[in-house]
Amino acid sequence: MSSNDDSNLPDYVYIRDVLDLHGTPYGVIPELLDDFIGNAIELGYSRVRIIHGKGRSRLKHYTHQQLDRHKKVYRYYDAPPALGGWGATIAELIEASGEGENH
């Protein structure tokens, strides 16, 4: 099978309000988060969950650095225990209309 064979790609990609960063190279995280947040706002989500895992918290720290810089993130905090606790972050988004404040 060649690398140009698209026959194994899904017909649809469902965009949800959850992004799992496990195994994601750090170099693509800023662009991935930017695209994810932009898509979430377009779909009308006001809040998203980003799973980074517990581990040594390096991925969490890096994710939070990126969220600090993002103009469409109002605030963020650890997810409640049922949604991953400190292994996931909830980010509240500023609506596309520009309402809300930046943290």
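Okay, so let's go over this structure. Only a predicted model underlies this, so the values are computations on that prediction, with no experimental measurement involved.

How each quantity is defined
Residues numbered from 1 in each chain as written. Predicted model: local features only at pLDDT ≥ 70, side-chain atom pairs only at ≥ 80, totals over all residues. Heavy atoms only, no water. Helix = DSSP H or I, 4+ residues; strand = E, 2+ residues; numbered from the N terminus. Contact = heavy atoms within 4.5 Å. Areas by Shrake-Rupley, 256 points an atom, 1.4 Å probe, with all protein chains shown as cover. Phe/Tyr/Trp six-rings, centres within 6.5 Å; stacked < 30°, edge-to-face > 60°. Buried < 20%, exposed > 50% of the residue type's maximum accessible area, 1.4 Å probe, protein only. Pairing = 2+ DSSP bridges. Axes fitted to C-alpha atoms, helices over the stretch in contact; angles between N-to-C directions. Salt bridge = Lys/Arg side-chain N within 4 Å of Asp/Glu carboxyl O.

Attention shifts here to the overall build of the protein. Tallying secondary structure elements over the protein gives two helices and four strands in all. Starting at the N terminus and walking to the C terminus, you meet the elements of the protein as β-α-β-α-β-β. Summarising the internal contacts of the protein: among those between residues at least 6 apart in sequence, 59% fall at separations of at least 24. Total accessible area on the protein stands at roughly 7,000 Å², and carbon and sulfur atoms take up 49% of it.

Below, the discussion takes up the packing of aromatic side chains. Enumeration over the complete set of coordinates arrives at one aromatic pair. Their ring planes at 40° and their centres at 5.0 Å tell us that Tyr26 and Tyr62 sit as a pair that is tilted. Taken together, the positions of Tyr26 in the loop between β1 (18-20) and α1 (29-42) and Tyr62 in helix α2 (residues 58-69) put the pair 36 residues apart, joining distant regions of the chain. For Tyr26, a relative accessible area of 38% translates into the label partly exposed.

On to the environment of Tyr62. Spatially, the C-alpha atoms of Tyr62 and Ile29 are 8.8 Å apart, while their sequence positions differ by 33 residues. With near-sequence residues (within four places) excluded, Tyr62 lies in contact with Tyr26, Ile29 and Pro30.

Moving on to the sheet that holds strand β4 (residues 88-93). The sheet built from four strands is open, its strands ordered β1-β2-β4-β3 with mixed pairing. Edge positions in the sheet fall to β1 and β3 (73-78), since each has one partner strand and no second. Neighbour to neighbour, the strand axes of the sheet diverge by 20° on average, direction disregarded. Taken together, the five bridges between β3 and β4 define a ladder with antiparallel strand orientation. Opposite Tyr76, over in β4, you have Ala91 as the bridge partner.

Let us now look at the environment of Tyr74. You can see Tyr74 is positioned in strand β3. It is 9.7 Å that separates the C-alpha atoms of Tyr74 and Ser46, two residues lying 28 residues apart in sequence.

Our focus in this paragraph is the pattern of salt bridges. This structure, assessed with the given rule, holds three salt bridges. With a closest N to O distance of 3.0 Å, Arg75 and Glu92 form a salt bridge. Of the two residues, Arg75 sits in strand β3 while Glu92 sits in strand β4, which places them 17 residues apart along the sequence. A relative accessible area of 12% means that Glu92 is categorised as buried. The network of salt bridges with shared partners includes Arg47, Arg75 and Glu92.

Moving on, we come to the pairing of β4. Across the six residues of β4, six count as buried, placing the element largely inside the fold. For strand β2 (residues 47-51) and β4, the ladder comprises five bridges, and the chain directions are antiparallel. Looking across to β4, one finds that Val48 is bridged to Ala91.

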